[in-house]
Amino acid sequence: MKRIVFKKDNIDFQIIENSLKLGKIIIYPTDTVYGVGASIDSIEGINKIYTAKERNFKSPLIALLSKHENIEKIAIIEDNKKNIVEKLANEYWPGALTIILKKKECVPSIMVSNGDTVGVRIPNLKLAREIIESVGGILPTTSANISGEKTPRSFEELSEKFKERADILIDAGQSPLGVESTIIDLTKDVPVILREGAIKKEAIEKLIGKI
């Protein structure tokens, strides 16, 4: 299949849906940085992300969601964590916070490095959510760069080598934030910040208490 490049004002969502179902991958903008995604129902597509990034399978992908209701399609929210998840989601979604939870059986093992958890996030960019919704509301994603390269914060920062490895590209200029999401692991007894990005630890602690 020839590479397809869409501008943000001429996107054909049906082509995106059909292509990803066939195991293709897409480079698209999020609120934080540019990401590369594949259908959660396509092992071929997920494998293609790892191949494109030259990345080993020990580094899991996260799942970007189009709306709150999709979180329980792929993740288990334990009773003792529901209040924390609700507080974080109400405050920071859509936004730059990735929450790690126990995964459901429907999440492919290849996507999460054979682990039992999955990271979920709703991006604060309408275009990203529309793209995600067009493929079912859940899009396994990671940054759109070869491992070790600079994380692209705009379409112009994407490497030509990496762009050649994708099937569909969305050129929407600059990502609004240009900073990676903060990652919080809620599968531990005490929540743990695995990566401090756009949202600072102190802000999260004001919301849910010391971590």
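Residues numbered from 1 in each chain as written. Predicted model: local features only at pLDDT ≥ 70, side-chain atom pairs only at ≥ 80, totals over all residues. Heavy atoms only, no water.

Trainee: Provide a residue-level description of the pairing of strand β2 (residues 26–29), including the pertinent values.
Mentor: Here β2 shows no split at all, with Ile26 and Tyr28 on one side and Ile27 and Pro29 on the other all buried. Relative to strand β3 (residues 34–37), β2 runs antiparallel, the two sharing four bridges. Residue Ile27 lies in a different strand from β3, and its bridge partner there is Val36. Counted between consecutive antiparallel strands, the loop separating β2 from β3 contains four residues. (Buried < 20%, exposed > 50% of the residue type's maximum accessible area, 1.4 Å probe, protein only. Helix = DSSP H or I, 4+ residues; strand = E, 2+ residues; numbered from the N terminus. Pairing = 2+ DSSP bridges.)

Trainee: Tell me about the packing of helix α4 (residues 82–92) against helix α7 (residues 201–208), and please be specific about residues and values.
Mentor: It is at 10 Å that the axes of α4 and α7 come closest, and there the two elements cross at 125°. Put simply, α4 runs oblique to α7. The crossing of α4 and α7 is right-handed. In this structure, α4 contributes Ile84, Lys87, Leu88, Glu91 and Tyr92 to the contact, and α7 contributes Ala203, Ile204, Leu207 and Ile208. Taken together, the residues of the contact of α4 with α7 break down into seven nonpolar, no polar and two charged. (Axes fitted to C-alpha atoms, helices over the stretch in contact; angles between N-to-C directions. Parallel < 35°, antiparallel > 145°, perpendicular 65-115°, else oblique. Left-handed = near helix turned anticlockwise from the far one by under 90°. Contact = heavy atoms within 4.5 Å. Nonpolar A, V, L, I, M, F, W, Y, C, P; charged D, E, K, R; others polar.)

Trainee: With reference to specific residues and values, describe the side chain of Ser143.
Mentor: Note that Ser143 resides in strand β8 (residues 138–143). Among the polar contacts listed, one links the side chain of Ser143 to the side chain of Asn145, at a separation of 2.5 Å. When neighbours within four sequence positions are excluded, Ser143 is seen to be in contact with Val33, Tyr34, Gly35, Val36, Lys53 and Thr151. (Polar contact = N/O pair within 3.5 Å; in protein donor to acceptor, adjacent residues only side chain to side chain.)

Trainee: I'd like a rundown of unusual backbone geometry, residues and numbers included.
Mentor: Backbone geometry follows two general trends: most residues other than glycine have a negative phi, and most peptide bonds adopt the trans configuration. In this model, Trp93 is joined to Pro94 through a cis peptide bond whose omega is -5°. Mapping Pro94 onto the fold places it in the loop between α4 and β6 (97–103). The phi angle at Glu54 is positive, at roughly 55°, despite the residue not being glycine. Note that Glu54 resides in the loop between α2 (43–53) and β4 (62–65). Of note, Asn114 is a non-glycine position whose phi angle comes to about 65°, a positive value. Overall, the relative accessible area of 66% leaves Asn114 in the exposed class.

Trainee: Requested: an account of the pattern of salt bridges, with residues and values cited.
Mentor: Under the defined criterion, the tally for this structure stands at 13 salt bridges. Ionic pairing is found between Arg165 and Glu54, a salt bridge with its closest N-O pair at 2.8 Å. Taken as a pair, Arg165 in the loop between α6 (160–163) and β9 (168–171) and Glu54 in the loop between α2 and β4 lie far apart in primary sequence, 111 residues in all. Connected through shared salt-bridge partners, Glu54, Lys161 and Arg165 make up one network. (Salt bridge = Lys/Arg side-chain N within 4 Å of Asp/Glu carboxyl O.)

Trainee: Tell me about the pairing of β3, residues and numbers included.
Mentor: Burial along β3 is two-sided: Tyr34 and Val36 facing one way and Gly35 and Gly37 facing the other are all buried. Sheet topology note: the β3/β8 ladder contains three bridges and is antiparallel. Following the sheet pairing, Gly35 is matched in β8 by Ser143.

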